[in-house]
Amino acid sequence: PAKAGLSSPETGNMESLEDALEFFEGKPLDGKKFIVKPAVYDPKARTEILFLPISDQQKQLEYLKSRNASKKVPYVMQEVLE
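The structure contained in this document is the topic of the report that follows. Just so it is clear, the model here is predicted, and its values are computed rather than measured.

Now for the environment of Val80. With respect to the helices and strands, Val80 occurs in the segment after strand S3 (75–79). Sequence-wise, Val80 and Thr11 are 69 residues apart; in three dimensions their C-alpha atoms are separated by 9.7 Å. With residues up to four places along the chain from it excluded, the contact list for Val80 reads Lys33, Phe34, Ile35 and Phe51.

Buried residues dominate strand S2 (residues 34–38), accounting for 4 of its 5 residues. In terms of strand pairing, S2 meets S3 through 5 bridges, oriented antiparallel. Paired with Val36 across the two strands is Met77, which belongs to S3.

With that settled, the discussion passes to the sheet that holds strand S1 (residues 11–14). Taken together, 3 strands build an open sheet; the order of strands is S1-S3-S2 and the sheet is antiparallel. Of all strands in the sheet, those with a lone pairing partner are S1 and S2, marking the two edges. This sheet shows a mean twist of 25° between the axes of neighbouring strands, independent of strand direction. Packing of helix H1 (residues 17–24) onto the sheet brings it into contact with S1, S2 and S3, and relative to S1 it is tilted by some 155°.

Looking now at unusual backbone geometry. Across residues other than glycine, the phi torsion is negative in most instances, and most of the peptide bonds are trans. Along the chain, Leu52 connects to Pro53 via a cis peptide bond; the corresponding omega equals 0°. For Pro53, the position within the fold is in the loop between S2 and helix H2 (57–66). The backbone of Asn68 shows a phi angle near 50°, a positive value even though the residue is not glycine. Summarising the element assignment, Asn68 is placed in the loop between H2 and S3. By relative accessible area, which is 58% here, Asn68 ends up exposed.

Conventions adopted
- The numbers attached to residues start from 1 for each chain and follow its sequence in the written order.
- In keeping with the predicted nature of the model, local features appear solely for residues at pLDDT of at least 70, side-chain atom pairs appear and are counted solely at 80 or more, and the whole-chain, interface and lining totals rest on all residues.
- Side-chain figures throughout are based on the complete set of non-hydrogen atoms in the structure, without hydrogens or water.
- Helical segments are the DSSP runs of H or I of at least four residues, strand segments are the runs of E of at least two, and each set is numbered from the N terminus.
- By definition in these notes, contact holds between two residues if any of their heavy atoms fall within 4.5 Å.
- Working definition: with a 1.4 Å probe on protein chains only, accessible area under 20% of the residue-type maximum means buried, over 50% means exposed, and in between means partly exposed.
- DSSP-based pairing: two strands are paired if at least 2 bridges between them are found.
- Structural elements are reduced to axes, namely lines fitted to C-alpha atoms, with helices fitted over the stretch in contact, and the angle between N-to-C directions of any two is expressed from 0 to 180 degrees.

Here it is, written out as C-alpha cells:
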C-alpha cells in the first residue's frame, strides 16, 4: 500500500491489444499520461516510449499492436506522475 501523502500511479495490465484499448477508452487527451512497459524488465522494449493517449488514434493503435502483449509477455500501462 502507498504511504500517506504519496500518490500511487494508476496502472493497468496488458495481456492483449483489447486490454489496452479498454484501458485507454474514454481517457481524455489532456488528462493523465501513461507509458506502456514490459511487466518483466526488457531493455530492448524500452527503446520507443510514447506518452499515451495521443490525438493520433492510428499511431496509438499501431504502437499498442507493436508491443505484441500476451499472457507470456505481459505489459503494464502506468501513469506518469509529475
